[in-house]
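# Commentary on secondary and tertiary structure
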Amino acid sequence: MRTLFHISDLHFGPPHLPRVSRGVLEHVERHRPDLVVLSGDLTQRAKPEQFRAARAFVDQIQVPVVVVPGNHDVPLWRVWERVLDPYGCYRRHFSPELEPVYRDEEILIAGVNTAFGWTFKDGRITTRRLLELAELFEQTPESVFKVVVAHHHLIPPPNFGTQRVLGNAYEAIDLFSRAGVDLILSGHLHQAYIGSSEEFYPQGRPPVVILHSGTTTSNRGRGGERERNTCNWIRIDGESLVVSHLRWHRELDRFAEQSRHWYPRQERVPYTLEGLKGGGVPPMPTTL
Ligand SMILES: [Fe+2]
Ligand SMILES: [Fe+2]
């Protein structure tokens, strides 16, 4: 049994909401998850002081925290820095690790950096990272619950303005569904969503659950989450996955459950690398 607290899009800087941010720490303190997963956009403008504030926030969390960068963690206006050293500020002031991996006997969490320069506005998963993940999953026992965390989304949620997804999304989903990945976590859209890979990329395999968090601590919520703050509470055991969308309630001064979603853990087909390294994945446009 593992519990994860999935938060995203903190946006330290002008949009950040200090009271809600303290509410995240209070929630962790009260409910004690095994892990916190933070799916990027720690800052608003990738400034040293914003990364230091994000670091101070994460340092107050008394359980392991798995973090990947978002597009806002790469400088937008500091052009030379963006070209020559896009992650320098992140590495110096937040963490040297861009694609962390956490594993124990029950769970594997693999971080993917999807935030690149301006040529990939909607993010991208590199082929290099896909091949690394393929090996990682192959070495991981089937019984271990496998989670991927990336800032950008791999599917276009219904009722959302843009239908674009990150580069190599189809190839990534193809790998993840073959490899028995159970859950993909992301942020970026500032709107919570839960769905399944089979709804968007039907392959006749056990579906991968796809879970988005809204912005947990900023005033940048979009669509139905304008001026709202959301995050996800995830319970995993050998047989099922239970996800609660949480929302910040001003009147309660805390996060509270908004909806609950239950998934049985699917039986997984034994997985090998054969066919993946040889480019066996059929191409499909990622702009739907
Ligand atoms: Fe964001
Ligand atoms: Fe983003």
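See the structure printed just above.
In this report, we go over the structure that sits alongside the text.

Next up on the list: the coordination of the iron ion (ligand 2). The protein atoms that coordinate the iron ion (ligand 2) are Asp41 (OD), Asn71 (OD1), His151 (NE2) and His188 (ND1), at distances of 2.1 to 2.3 Å. Around the iron ion (ligand 2) sit 4 donor atoms, and with donor-metal-donor angles ranging over 88 to 160° the site reads as irregular. Mapping the donors of the iron ion (ligand 2) onto the primary sequence yields the spacing D-x29-N-x79-H-x36-H. Residue Asn71 is classed as partly exposed on the basis of its relative accessible area, which comes to 23%.

Once that is clear, we can look at the coordination of the iron ion (ligand 1). Distances from the iron ion (ligand 1) to its protein donors, namely Asp9 (OD), His11 (NE2), Asp41 (OD) and His190 (NE2), fall within the range 2.0 to 2.2 Å. Considering all 4 donor atoms around the iron ion (ligand 1), angles at the metal cover 89 to 169° and the coordination shape is irregular. All donors of the iron ion (ligand 1) belong to a single chain; written as a sequence motif, their spacing is D-x1-H-x29-D-x148-H. A separation of 3.5 Å is found between the iron ion (ligand 1) and the iron ion (ligand 2), both of which receive a donor from Asp41. Linking His11 in the loop between β1 (2–7) and α1 (18–31) with Asp41 in the loop between β2 (35–38) and α2 (48–59), this pair joins segments that are 30 residues apart in sequence.

What follows is about the packing of aromatic side chains. Per the stated rule, a full pass over the model turns up 7 aromatic pairs. Ring pairs connect the aromatic residues Phe51, Tyr90 and Phe94, which therefore count as one cluster. Residue placement shows Arg55 over the ring face of Phe94; its charged tip is 4.7 Å from the ring centre. Between the NZ or CZ atom of Arg124 and the centre of the ring of Phe116, over which it lies, the distance is 4.9 Å.

Time to look at the side chain of Glu99. Among the structural elements, Glu99 can be located in the loop between α4 (88–93) and β4 (101–103). The exposure class of Glu99 is buried, given its relative accessible area of 14%. At 2.8 Å, the side chain of Glu99 and the backbone nitrogen of Asn113 are in polar contact. Those residues in contact with Glu99 that sit more than four places away from it in its chain are Gly111, Val112, Asn113, Arg128, Arg129 and Glu132.

The next subject is the nonpolar core. One recurring pattern in soluble globular proteins is that nonpolar side chains are buried together. Ranked by internal contacts, the top residues of the largest apolar core, which has 32 residues, are Phe5, Ile7, Phe57 and Phe94. Of all the secondary structure elements, the ones that give two or more residues to this core are β1, α1, β2, α2, α4, β10 (230–236) and β11 (240–249). When sequence neighbours within four positions are dropped, the list of residues in contact with Phe94 reads Leu42, Phe51, Ala54, Arg55, Val58, Val67 and Cys89.

The buried fraction of helix α6 (residues 169–178) amounts to 8 of the 10 residues, a majority that puts the element mostly inside the structure. Within α6, the full set of buried residues consists of Ala169, Tyr170, Ala172, Ile173, Asp174, Leu175, Phe176 and Ser177. Among the residues trailing α6, Gly180 stands out with phi positive, at a value near 75°.

Thresholds applied
- Positions within a chain are numbered from 1, following the residues in the order the chain's sequence is written.
- Written order determines the labels here, with chains lettered from A and ligands numbered from 1.
- Only residues with pLDDT of at least 70 get local features here, since the model is predicted, and only at 80 or more are side-chain atom pairs given and counted; chain-wide, interface and lining totals rely on the full set of residues.
- Derived side-chain values reflect all non-hydrogen atoms in the structure, with water molecules and hydrogen atoms excluded from consideration.
- Distances define the donors: N, O and S atoms within 2.8 Å of the metal qualify, as do those within 3.2 Å of Na, K or Ca. Water is excluded, so some sites may look unfinished.
- In this scheme the shape depends on donor count and angles: four donors with every angle between 85 and 135 degrees give tetrahedral, four or six donors with opposite pairs above 155 degrees and others between 65 and 115 give square planar or octahedral in turn, and any other case is irregular.
- Relative accessibility under 20% of the residue-type maximum defines a buried residue, over 50% an exposed one, and the middle range a partly exposed one, all with a 1.4 Å probe and only protein chains included.
- Working definition: helices are DSSP H or I runs of at least four residues, strands are E runs of at least two. Numbering for both runs from the N terminus.
- Two rings belonging to Phe, Tyr or Trp (six-membered ring only in the last case) form a pair when the distance between their centres is within 6.5 Å. Interplanar angles under 30 degrees mark stacking, angles over 60 mark edge-to-face geometry, and anything in between is tilted.
- Either the NZ atom of lysine or the CZ atom of arginine qualifies as a charge over a ring when it sits within 6 Å of the ring centre and within 35 degrees of the ring normal.
- N or O atoms closer than or at 3.5 Å make up a polar contact, with two conditions inside protein: a donor-capable atom paired with an acceptor-capable one, and, for residues adjacent in sequence, both atoms drawn from side chains.
- Two residues form a contact once any of their heavy atoms are found within 4.5 Å.
- Residues enter a nonpolar core if they are buried and are Ala, Val, Leu, Ile, Met, Phe, Trp, Tyr or Cys, with the set joined through side-chain atoms within 4.5 Å.

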